[in-house]
Every structure is written in C-alpha cells, then in structure tokens.
Amino acid sequence: MDADDGGRGRGGPEPEAIRFFGTSWLAHDRGYPARRIAVSFGSLAATVAACLVLRFAYEGLESAKVGGFLRWLVVVMFGVCGAIAFRRTWDGYLRRPSDPDRDESLRGAMTIGFIGSLTAYFLRSLKEAPGESLRRREYEKSRAPKPSPSND
C-alpha cells in the first residue's frame, strides 16, 4: 500500500467520486490535470452548441412570424431560467442543498435554463473539478479524529 494514498485503503471513509474524475480529485493524480482540461473544453463546447440550438429555435420563431411579444417572452424566459440554473448549479458546488423539495420544484426552470448550468460547470472547471472543494471539506471532516467522550 502506498504511504501517500490520501487516506484511501486504510479502512476509513472513502472519498465521494465526482463525474469524469472519480476519486482522482483527492490527490490530483491519475490524469487529473488532463481531465480538467478536457472537461473545461467539453463543457465550453456544449455551452456553445446549446446557444446555437437556442439561436435556431429563435430563428424558427421569426420564420413562423409569431408576434414580437412572444419572441421577447421566450428570450426573457430563457434568460431568467438560465440565471436561476446558473445560481443553483454554482451553489451546488459550494454546499449541499438544504431543501430538496425546493430543488424538485425548480427542476423545470433548471431544465429550461440548461445553458446557465453548462456555463456554471465550465467556469467551475477552470478552478477545480466541479464540486471538489465541497467534497474535500466533507472528506476531511469525516477523516478528522473524533473527540473521545470524557469520563469525568
């Protein structure tokens, strides 16, 4: 067993895996830097592709000759839902959700504002594996020695 295995393999708590990174985020090993670069480029490409899809949808509204009000309503809807999705996704990388029912009620807005989620994922991947700091804090807390009860 490797002496510097980040606490793995010692019978203690195991680190939580992150999509595309597994547990390589713990010691930044097993291709972690290459994965971060690939995830950053991939999420940026997905964001650009999603913007193009929305642009085509908007052009479809124009060619259908729907009213200006409806076109602006669609733009505002995607903008507001994108902002909500960005904020909820970004906050999800910093802390666990406190109210799962609220998250469930915002699922529709998060789906409509998928570009916001993709943007948050891209920006976070520039700093770390998305969710790494949250999982690191939780993992280190679980590995910390527990105070023994004192028998005074």
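The model shown is predicted, which means the values in this text are computed figures rather than measured ones. (Residues numbered from 1 in each chain as written. Predicted model: local features only at pLDDT ≥ 70, side-chain atom pairs only at ≥ 80, totals over all residues. Heavy atoms only, no water.)

The subject of this paragraph is the packing of aromatic side chains. Under the counting rule described, the total for this entry stands at three aromatic pairs. With centroids separated by 5.9 Å and ring planes inclined at 10°, the aromatic side chains of Phe 86 and Trp 90 adopt a geometry described as stacked. Here Phe 86 and its partner Trp 90 are both found in helix α2 (residues 68–94), four residues apart, which amounts to about one turn of the helix. For Trp 90, a relative accessible area of 24% gives the class partly exposed. Centre to centre, the rings of Tyr 93 and Tyr 121 are 6.3 Å apart; their planes meet at 65°, and the pair counts as edge-to-face. Taken together, the residues Tyr 93 in helix α2 and Tyr 121 in helix α5 (residues 114–127) connect sequence positions 28 residues apart. Grouping residues by exposure puts Tyr 93 and Tyr 121 together as buried. Directly above the ring of Trp 90 sits Arg 124, whose terminal nitrogen or CZ lies 5.0 Å from the centroid. (Phe/Tyr/Trp six-rings, centres within 6.5 Å; stacked < 30°, edge-to-face > 60°. Helix = DSSP H or I, 4+ residues; strand = E, 2+ residues; numbered from the N terminus. Buried < 20%, exposed > 50% of the residue type's maximum accessible area, 1.4 Å probe, protein only. Lys NZ or Arg CZ within 6 Å of the ring centre and 35° of its normal.)

So, about the nonpolar core. Where a protein is soluble and globular, its nonpolar side chains tend to be buried together. Ranked by size, the top nonpolar core spans 10 residues in total: Ile 18, Phe 21, Trp 25, Leu 26, Tyr 32, Val 39, Tyr 93, Tyr 121, Ala 129 and Tyr 139. Dropping the residues within four chain positions of it, Tyr 32 is found in contact with Phe 21, Ser 24, Trp 25, Glu 128, Ala 129 and Glu 132. (Core = buried A, V, L, I, M, F, W, Y, C linked by side-chain atoms within 4.5 Å. Contact = heavy atoms within 4.5 Å.)

The subject of this paragraph is the confidence of the model for the protein. Confidence in the prediction for the protein averages 88 pLDDT; 91% of positions are at 70 or higher. When mean pLDDT is compared element by element in the protein, α5 scores highest at 96, while helix α3 (residues 100–105) scores lowest at 84. For residues 1–7, every residue scores under 50 in pLDDT, and the model assigns this stretch nine contacts once sequence neighbours within four places are set aside. (pLDDT = per-residue confidence, 0-100.)

Once that is clear, we can look at the packing of α2 against α5. Across the interface, α2 lies against α5 with an axial gap of 7 Å and an inter-helix angle of 40°. In terms of their interaxial angle, α2 and α5 are classed as oblique. Helix-helix and strand crossings are classified by hand; for α2 and α5 the assignment is right-handed. Contacts between α2 and α5 involve Gly 82, Ala 85, Phe 86, Thr 89, Trp 90, Tyr 93 and Leu 94 from the first element and Gly 116, Ser 117, Thr 119, Ala 120, Tyr 121, Leu 123 and Arg 124 from the second. Looking at the contact of α2 with α5 residue by residue, the class counts come to eight nonpolar, five polar and one charged. (Axes fitted to C-alpha atoms, helices over the stretch in contact; angles between N-to-C directions. Parallel < 35°, antiparallel > 145°, perpendicular 65-115°, else oblique. Left-handed = near helix turned anticlockwise from the far one by under 90°. Nonpolar A, V, L, I, M, F, W, Y, C, P; charged D, E, K, R; others polar.)

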